[in-house]
Amino acid sequence: MNLLVVHGPNLNLLGEREPEIYGDLTLAKVNTRIRKFCADREIRVRIFQSNGEGAIIDYLHRNRKWADSLVINPGAYTHYSYAIRDAIAAISLPTVEAHLSDIHKREKFRRKSVIGPVCHAQVSGLGWKSYLRAIEILLSRLSPHSPTELPEAYSH
Ligand code: DQA
């Protein structure tokens, strides 16, 4: 599996940004855990963060031939970026949308995802483990009988 993991705006401030909502791990630490999770499963992963809509779209375009799956946390773009939605539809990779917080239990504007309809699944509210769950969903698409439980090391 050749996986892209894309983090959208403000996620570079993880750890200091509203930790009561998003947790106290920095993005660097989250990425280290994603890389370990992938390495253990022989998944090749490229990780990217940007605060810009265009930069995210350009990154998806640039990496579309290399990748065969995508996990994306579009941040606030989730709720209104038809351009990112169109980019995901255009590159046509199996995609899972991931959110640290539970977007269905917060402000009304967060409940709507314009990205959701072009994604295979949405994982929301598991903190940084949302990314791992999203990767597992993509893996289980490839091998339908693989276990979906997270290993012990990722349960805290
Ligand atoms: C988020 C939820 C979004 O509503 C918010 O704008 C973010 C982060 C999450 O991971 O919970 O930036 O995508």
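Source: prediction; values computed, not measured.

1. Remarks on the overall build of the chain
Looking only at helices and strands, one finds five helices and five strands in the chain. Secondary structure elements of the chain occur, N-terminal to C-terminal, as β-α-α-β-α-β-α-β-β-α. Along the first, second and third principal axes, the C-alpha atoms of the chain reach 35 × 35 × 25 Å. Sorting the 156 residues of the chain into buried and exposed places 47% on the buried side. Expressed as a percentage of contacts within the chain between residues at least 6 apart in sequence, the contacts between residues at least 24 apart total 72%. For the chain, the computed accessible surface area is about 7800 Å², with 51% contributed by carbon and sulfur atoms. Within the chain, one finds 21 positive and 16 negative side-chain charges whose respective centroids are separated by 3 Å.

2. Side note on the packing of aromatic side chains
Scanning the model with the defined rule gives two aromatic pairs in all. Seen from their ring centres, Phe 48 and Tyr 59 are 4.1 Å apart, and the 0 degrees between their planes marks the pair as stacked. Placement of the pair is Phe 48 in strand 2 (residues 44–49) and Tyr 59 in helix 3 (residues 53–63), with a sequence separation of 11 residues. Directly above the ring of Trp 128 sits Arg 33, whose terminal nitrogen or CZ lies 4.7 Å from the centroid.

3. Notes on the side chain of Arg 106
With respect to the helices, strands and loops of the structure, Arg 106 is situated in the loop between strand 4 (95–99) and strand 5 (121–124). Among the polar contacts listed, one links the side chain of Arg 106 to the side chain of Ser 101, at a separation of 2.9 Å. The contact partners of Arg 106, leaving out residues within four places of it in the chain, are Ile 21, Tyr 22, Ser 101 and Arg 111.

4. Quick notes on the site of the ligand
Taken together, Arg 17, Tyr 22, Asn 73, Gly 75, Ala 76, His 79, His 99, Leu 100, Ser 101, Ile 103 and Arg 110 are the residues near the ligand. One of the side-chain nitrogen or oxygen atoms of Arg 17 is found 2.9 Å away from an oxygen atom of the ligand. At a separation of 2.6 Å, an oxygen atom of the ligand approaches a polar side-chain atom of Ser 101. With the chains in place, 99% of the 320 Å² that the ligand exposes on its own is no longer accessible. Class assignment of the residues belonging to the shell around the ligand gives a composition of four nonpolar, five polar and two charged.

5. What to know about the state of the cysteines
Scanning all chains against the criterion turns up zero disulfides. Unpaired in terms of disulfides, Cys 38 finds its nearest cysteine sulfur in Cys 119, a separation of 17 Å. For Cys 119, a relative accessible area of 13% puts it in the buried group.

6. Re helix 3
Within the span of helix 3, buried status applies to Ile 56, Ile 57, Tyr 59, Leu 60 and Asn 63. The buried residues of helix 3 all sit within an arc of 160 degrees when viewed along its axis, so they share a single face. Tucked into the core, helix 3 has its buried residues touching strand 1 (2–7), strand 2, strand 3 (69–73) and helix 4 (82–91).

7. Looking at helix 4
For helix 4, every residue scored as buried is listed here: Ile 84, Ala 87, Ile 88 and Ile 91. Along helix 4, the residues classed as buried sweep out an arc of 100 degrees about the axis, all on the same side. Away from its buried face by more than 90 degrees, helix 4 exposes Tyr 82 and Ala 90. Looking at the buried side of helix 4, the elements it contacts are helix 3, strand 3 and strand 4. A positive backbone phi angle near 50 degrees is found at Ser 92, which sits one or two residues after helix 4.

So, how was this worked out
- Starting from 1, residues in each chain are numbered consecutively following that chain's sequence as written.
- Note on the predicted model: pLDDT of at least 70 is required for a residue's local features to be given, and 80 or more for side-chain atom pairs to be given and counted; whole-chain, interface and lining totals, by contrast, use all residues.
- Derived side-chain values reflect all non-hydrogen atoms in the structure, with water molecules and hydrogen atoms excluded from consideration.
- In DSSP terms, a helix is any run of H or I states spanning at least four residues, a strand is any run of E spanning at least two, and both are numbered starting from the N terminus.
- The classification of residues rests on relative accessible area computed with a 1.4 Å probe and restricted to protein chains. Under 20% of the type maximum is buried, over 50% is exposed, and intermediate values are partly exposed.
- Contact definition: two residues touch when any of their heavy atoms are within 4.5 Å.
- Areas reported here follow the Shrake-Rupley algorithm with a probe of radius 1.4 Å; residue values treat only the protein chains shown as occluding.
- Here the positive residues are Lys and Arg and the negative ones are Asp and Glu; neither His nor the chain ends is included.
- Where a charge lies is defined by one atom per residue type, namely NZ (Lys), CZ (Arg), CG (Asp) and CD (Glu).
- Any two rings among Phe, Tyr and Trp, with Trp reduced to its six-membered ring, count as a pair given centres within 6.5 Å; such a pair is stacked if its planes are under 30 degrees apart, edge-to-face if over 60, and tilted if neither.
- A ring has a charge above it when a Lys NZ or an Arg CZ is no more than 6 Å from the ring centre and no more than 35 degrees off the ring normal.
- The term polar contact refers here to a pair of N or O atoms within 3.5 Å; inside protein, the definition further demands a hydrogen-donor-capable atom paired with an acceptor-capable atom, and it admits residues adjacent in sequence only when both atoms are side-chain atoms.
- Near residues are defined by distance, with any heavy atom within 4 Å of the molecule or strand qualifying the residue.
- In this classification, Asp, Glu, Lys and Arg are treated as charged, Ala, Val, Leu, Ile, Met, Phe, Trp, Tyr, Cys and Pro as nonpolar, and every other residue, Gly included, as polar.
- A pair of sulfur atoms, both from cysteines and within 2.5 Å, is called a disulfide here.
- This arc is taken over the directions from the axis of the helix to the C-beta atoms.

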